[in-house]
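# Observations on the three-dimensional arrangement
Listed below are the residues making up each chain.
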Amino acid sequence: MTRNRNILVVENEPQERAVLGRMLEEWGYAPTTVSNVADAGKEIRSCRFSLIIVSYDMPGLTAQVFFDRIKSENDNTQVLFISGTAPVEDAVEMMKAGALDFIIKPVDSEQLYHLVQRVFQEVFGGAPNRERQNRGDTRIIAQDQGMLKILDMARQVADSRASVLIQGESGTGKELIARFIHENSRRRYASFVAVNCAALPETLLESELFGHEKGAFTGAIAAKQGKFELANGGTLLLDEITEMPVHLQSKLLRVLQEREVDRIGGRRPVQVDIRVIATTNRNMKETLESKEFREDLYYRLNVIPIRLPSLRERSGDIPLLARHFVEKYNVLDGRCVKELSDSAIHKIMSLPLKGNVRELENIIERAVLLCDGTCIRPEDLFSGDMTACESDSGIPAADAYIQEFAPRQLKDVEKNLIFQTLDQTNGNRTHAAKILGISVRTLRNKLNEYKETVEG
């Protein structure tokens, strides 16, 4: 059954409404956004929507009544609820009533993307990727037996409260596995909260994790819940756990042992019910030997150990993943690339891919944007970092490009490459900078330099 791409967003918060509308539009859908139930009713009467995304927390909204009204108008319309405050029991009831899903604010763009894709590819009769992992998950792409065993084990332990330690190189999908565990557990209707321990300075990390009371330190003008409290009832992901300072590790150990959190400046501990998943791309044995990581905390976290293989160890998944990313960026970037040529697949398979799945995704995104037809060829795999994709002769792609334009000056080559990339991205500087492997600021400076040259 073919469906239209109309999506209605019912959200009273202006910023969240705008963000949702913009994301859906970028993914190739046709969103209509309204701020209240009355306007939603008018839109539903005048237009047929395949999906309605509605904020559960809207004033004047009785979710069950609204849901029943939608279904009475068109039983095939799918309804996705989002909420920042609704209890788990409400989410369960709405799911039982037939809602597509119930996700927690702030909305995770990747989770929303996959849910919307599922609506149009599966719920409405579209053929899902038959090679995709088909054991209850549509987000992790794998056919490698080792990876499938990891997913089976993750599914088996998902409902326990035991801590999980996921180790693997950067770009192997550690956070995806963490989300997989959360979404296959009874905690899936509660929050999944992720904290990057390497991205926050030590002074801020403590407050972010454990929260603080008003007046606990200079600048604490109001009490604040930490990530442990925000994840209560759900899952807390501690990304790059080995970057956490030692004195905070001892505080984390207490939370895991006692299931309670001490806010900075707090008078009494706060009880929490959470599942902790930690990830690292470092060698844990080395961090233990150097005393950078507490041994007792390591054993507390390593109840369920998971080691993710590098993409080089599961090379059979590379063609599968590459085709998946082609599909993804066709939607996100509004392209119509249909396939990867055999020579392009061979080229990708020959790359070192030290950045693993993340690097592969970047390569495919660039290829989709640079492809001027419906089939990606080896020359479309030009890497913006000037090193990843090499020609068959062993000459880096950037060198081959420069040789093609010799003996013209390098600045002319650089200028042509920038304008060519901007043309391919329809003037989108953010995408162009990503393809070129430079910052948006650098790209802007280059364009200003060219402008000054022309004016001069």
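None of the values given here were measured: they were computed from a predicted structure.

All right, on to the packing of helix H13 (residues 318-333) against helix H15 (residues 356-370) then. The interhelical angle for the contact between H13 and H15, taken along N-to-C directions, is 50 degrees, at an axis separation of 9 Å. Here H13 lies oblique to H15, going by the angle between them. Seen from above, H13 lies across H15 with right-handed handedness. For the pair formed by H13 and H15, the contact residues are Ile318, Leu321, Ala322, Phe325, Val326, Lys328, Tyr329, Asn330 and Asp333 on the first element and Val357, Leu360, Glu361, Ile364, Glu365, Val368 and Leu369 on the second. Looking at side-chain class alone, the contact of H13 with H15 contains eleven nonpolar, one polar and four charged residues.

Reading across from one edge, E2-E1-E3-E4-E5 is the order of the five strands in this open sheet, with parallel pairing throughout. Two strands bound the open sheet, and with one partner strand each, they are strand E2 (30-34) and strand E5 (101-104). Neighbour to neighbour, the strand axes of the sheet diverge by 20 degrees on average, direction disregarded. Where helix H1 (residues 14-26) meets the sheet, it contacts strand E1 (6-10), E2, strand E3 (51-55) and strand E4 (78-83), and its direction lies at approximately 170 degrees from that of E2.

Judged by pairing direction, the sheet is parallel, and its five strands sit side by side in the order E7-E8-E11-E6-E12 without closing on themselves. Of all strands in the sheet, those with a lone pairing partner are strand E7 (192-196) and strand E12 (304-307), marking the two edges. Within the sheet, the average angular offset between the axes of one strand and its neighbour, ignoring direction, is 15 degrees. Docked against the sheet, helix H6 (residues 145-157) engages strand E11 (275-280) and E12, running at close to 155 degrees with respect to E12.

As enumerated under the stated definition, the model contains 20 salt bridges in all. Notably, a salt bridge pairs Asp273 with Arg187, separated by 2.9 Å at the nearest N-O pair. Of the two residues, Asp273 is situated in the loop between strand E10 (270-271) and E11 and Arg187 in the loop between helix H7 (174-183) and E7; the sequence distance between them amounts to 86 residues. Overall, Arg187 belongs to the buried group, its relative accessible area being 11%. With a shortest N-O distance of 3.2 Å, Lys251 and Glu206 are connected by a salt bridge. A residue pair is termed long-range when its members are at least 10 positions apart, and Lys251 in helix H10 (residues 246-258) and Glu206 in helix H8 (residues 202-210) qualify at 45 residues. One network of salt bridges, with partners in common, ties together Asp372, Arg377, Glu379 and Asp380.

Applying the stated criterion across every chain yields a total of seven aromatic pairs. Note on Trp27 and Tyr113: the rings are 5.3 Å apart at their centroids and 75 degrees apart in plane angle, and the pair reads as edge-to-face. Highlighted residues: Trp27 in the loop between H1 and E2 and Tyr113 in helix H5 (residues 109-123), separated in sequence by 86 residues. Where Tyr56 meets Phe81, the ring centres are 5.8 Å apart and the plane angle is 80 degrees; that geometry is what we call edge-to-face. Here the residue Tyr56 occupies a position in the loop between E3 and helix H3 (63-73), and Phe81 occupies one in strand E4, the gap between them amounting to 25 residues. Accessibility classification places Tyr56 together with Phe81 in one group, the buried group. The positively charged end of Lys251 is found above the aromatic ring belonging to Phe210, 4.7 Å away from the centroid. We note Lys328 situated over the ring of Tyr113; from NZ or CZ to the ring centre the distance is 5.9 Å.

What counts and what doesn't
Sequence order sets the numbering: in each chain, residues are counted from 1 along the sequence as written. In view of the model being predicted, local features appear only for residues whose pLDDT reaches at least 70, and side-chain atom pairs are presented and counted only at 80 or more, with totals across whole chains, interfaces and linings using the full set of residues. Derived side-chain values reflect all non-hydrogen atoms in the structure, with water molecules and hydrogen atoms excluded from consideration. Comment: axis = line fitted to C-alpha atoms, over the contacting stretch for helices; angle = value between 0 and 180 degrees taken between N-to-C directions. Strands are runs of DSSP state E lasting at least 2 residues, helices are runs of H or I lasting at least 4, and numbering of each runs from the N terminus. In what follows, roughly perpendicular refers to angles from 65 to 115 degrees, roughly parallel to angles under 35, roughly antiparallel to angles over 145, and oblique to any angle outside these ranges. Less than a right angle of anticlockwise turn of the near helix away from the far helix marks a crossing as left-handed, whereas a clockwise turn marks it as right-handed. Only heavy atoms matter for contacts: two residues are in contact if any of them lie within 4.5 Å across the pair. Each residue is assigned to one class: nonpolar for Ala, Val, Leu, Ile, Met, Phe, Trp, Tyr, Cys and Pro, charged for Asp, Glu, Lys and Arg, and polar for all the others, Gly among them. Here, a strand pair is defined by DSSP locating no fewer than two bridges between the strands. Only one rule defines a salt bridge in this text: a Lys or Arg side-chain nitrogen within 4 Å of an Asp or Glu carboxyl oxygen. Buried residues are those whose accessible area, probed at 1.4 Å on protein chains only, stays under 20% of the maximum for their type, while exposed residues exceed 50% and partly exposed ones sit between those limits. Classification of ring pairs uses Phe, Tyr and Trp, with its six-membered ring standing for Trp, and accepts pairs whose centres are within 6.5 Å; under 30 degrees between planes counts as stacked, over 60 as edge-to-face, and the remaining range as tilted. By the criterion adopted, a ring carries a charge over it if an Arg CZ or a Lys NZ lies within 6 Å of its centre and within 35 degrees of its normal.

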